[in-house]
Structures are given as structure tokens and as C-alpha cells.
Amino acid sequence: MAGRYAPRPTRTSVRGGHAAIPAARSAPAAQAASVTRTRTWTPPFPLDLGLTLGPLRRGPADPTFRTAPDGSVWRTSRTPEGPGTLRVAAGGGTVRAEAWGAGAEWLLDRLPALLGAEDDPSAFTPRHRLLAVTERRRPGLRLTRTGLVLESLIPSILEQKVTTDEAYRAWRLLVRRFGEPAPGPDDRLCVVPEPRTWALIPTWEWHRAGVDAKRSDTVMRAVRVARRLEEAAAMEPEQARRRLELVPGIGPWTSAETVQRSNGAPDAVTTGDYHLPSIVGHALAGHRHADDDEMLELLAPYAGQRHRAARLILLSGRIPPRHGPRFTPGNIAAL
């Protein structure tokens, strides 16, 4: 997600937020025959589906998200109306969406927000040449707003203090085992478990997925107040973050990662990250050993748009070189 850098991305570079979208081709006839709901929307701005929806993907084998050879993006959600599958394809300045399941109408109603219609890039003024160049090269970048909290909160909890591969593996295993088949024609997709199902996952299944007790306990506490947490999607981002951080185990890192997606928060810069301060420090000041305080100082000119600035830095490919050994992932399941 960070441009040309690193064939094996770090968690931070993945959150740069770009999913490769193949060149568009016609959808298979079998898919068209099974469509239950459709919507066509013409965005009044340039739109890059990969850049906009990329942050919602949790690894190349995410069972809730995939990009198809025909150029479309498929994703599943558990909406307030029930599970749903959404297929989005863009071409000729128009977006065509198809949806299935009980949550189909909910997903289609909120399609513009998902694709960045509530985002305002004009509020961002680049103060560094790197960001000005990157913004010009990425005109289709919009900040998504899903309107759903748990589907971003739980994978963010799983990403706490572990490598990307560990977190993505846990998400994949848990969703495939305890989720449900997605409605619609794509039988490879799953819908995330409902809160009660998450709460009933036994300890040995968390262990098998490589999730330690601290993270699994945090998920358990979150799903017990799922309704209250979902209300945060309609709040202002700072208020939403305060609501999330009332749950023990959810701190600034996790709340920022969540509201970036659920609320489309342009200023929710991620602090407490292992890589991001050094990337921002290197890109803006040539200091690859920057900490959170220095990162926030460098991003201060972008107050109100700090998350967008960080996204552009990640997408610029201006990443500090690595000289130390890679962190060796643990294997809780083998204990």
C-alpha cells in the first residue's frame, strides 16, 4: 500500500490503503442473473476504488473483501438490517453497485458515503512538496465511511502489538470458522460473526487462531456493548473515539484505526504505531527515528487533515530503509 516499497508490507504500509484493481471487463452472466438490488451513481469527483476501499481489506485472503478479475470490488458487511454483500464496479465516470441479502438496501443507500462522498479533500492544503506531488498523482483518493464500527474495530484489536501476518491470519481463521456464508453469487466470501457469536467463541479457538488472552478479552468486552459502540458511527470522530476508549483494552491506536474507516475521520492520525512515526519523520524531516511527539509536531500544519496527510505519505513510497532484522512472529497456537 505504500507504492513501490517493500514486497512484503508492514502493518503501516498496508494501511496506506491501496488495493490493486484489475482492468475492467464485463461481469459474468451468472452473476447478473442472481442480482437482487442495483444502484447506479455518478460521483462528482475522480474516484479510485482501490485507493478508497483498500483500507477495508485485511490482507490478500480477507474472507470479507476481494477484488475480481472483472475490475469490481466485493465486500460483505453485517448491517443493522442483516448480512449483505456489495459488488462495486467503476467505469466511464459511473459507479454500478449490486447488492444481495437482508442488508442490500442499507448498503446501496450508503454507497456514496462508502465511496467518499462525505469526504472533503479541498480542506487539505499541502505544505510539503512530497504531499503536493502525491496528491496530484492520486486524484482518486477519498476517505471511506462505512457507518459500521465493529467490522473495523475487531480486526484493529487483533492487530494490536503483533505483525501483519499474525493479525490477518487470525482474522481470516475466525471469520471463516464463525462467520456465515455471504449472500449472493460469490461463495468464497463470508460475513463477520454477529456480536453474540463473537462472545461465544471458546478460549481454545482464540488460541488456535494465535490470539492471546489480552486481545480476545478486549474483543469480548467490546461485543458485549456492541449496540452502544455502533452508535459511535454517527458521532463526530473525537466523540466516537472517546466512546470506544471507554472499553478496557481499546486505546488511541485502536480507536483511530477504527474511526478512520467507520467515520471517515480525516484527522484521526494513528499514534502508538511501530512504523508510522519513522515513516512520517523520514518523509517530512529526513529523521527515520522520529517518535510520536515528533510525528505530531510535523503533522501539526495539517491539523484537521492529519490522517489524510499520513495516507499520502504512505502512498508516496518515501519509506526509510530497513537495516535491522525483521520481527519474528510468535506462534501462540503452538504453545
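You'll find the structure just up there.
Residues numbered from 1 in each chain as written. Predicted model: local features only at pLDDT ≥ 70, side-chain atom pairs only at ≥ 80, totals over all residues. Heavy atoms only, no water.

### Topic: the pairing of strand β5 (residues 94–100)
Going by this rule: For every residue, the accessible area (1.4 Å probe, protein chains only) is compared with the maximum for its type, and the residue is labelled buried under 20%, exposed over 50%, or partly exposed between those bounds. Strands here are runs of E lasting at least two residues and helices are runs of H or I lasting at least four, both read from the DSSP assignment and numbered beginning at the N terminus. A strand pair is defined by DSSP finding two or more bridges across the two strands.
Most of β5 sits inside the fold, with five of its seven residues counted as buried. Pairing between strand β1 (residues 37–41) and β5: five bridges, direction antiparallel. When the bridges of β5 are listed, Arg39 appears paired with Ala97. In this structure, strand β4 (residues 82–91) lies alongside β5, joined through seven bridges in antiparallel fashion. Paired with Arg87 across the strands is Glu98, a residue of β5.

### Topic: the environment of Val211
Counting through the fold element by element, Val211 comes out in the loop between α10 (203–208) and α11 (213–224). Judged by its relative accessible area of 4%, Val211 is buried. With 37 residues separating them along the chain, Val211 and Leu174 place their C-alpha atoms 10.0 Å apart.

### A few points about the layout of surface pockets
The cut-off we apply is this: For each structure, a 1 Å grid was placed over the protein atoms alone; sets of points admitting a 1.4 Å probe that cannot get out are labelled cavities, open sets with protein on both sides within 12 Å along at least five of seven lines are labelled pockets, and lining residues have an atom within 4 Å of a point. Grid points are joined across faces, edges and corners, and a volume is the space filled by probe spheres set on the points. All amino acids are sorted into three groups, where Ala, Val, Leu, Ile, Met, Phe, Trp, Tyr, Cys and Pro are nonpolar, Asp, Glu, Lys and Arg are charged, and the leftover types, Gly among them, are polar.
Each pocket or cavity is described by its volume, and for the second largest pocket that value is around 310 Å³. Around the second largest pocket, the lining is made up of 18 residues, and of these Arg78, Thr79, Leu148, Leu150 and Glu230 lie nearest the centre. Examining the composition of the lining of the second largest pocket, we find that three residues originate from one element, helix α7 (residues 150–158), more than from any other. The class makeup of the residues in the lining of the second largest pocket is 12 nonpolar, two polar and four charged.

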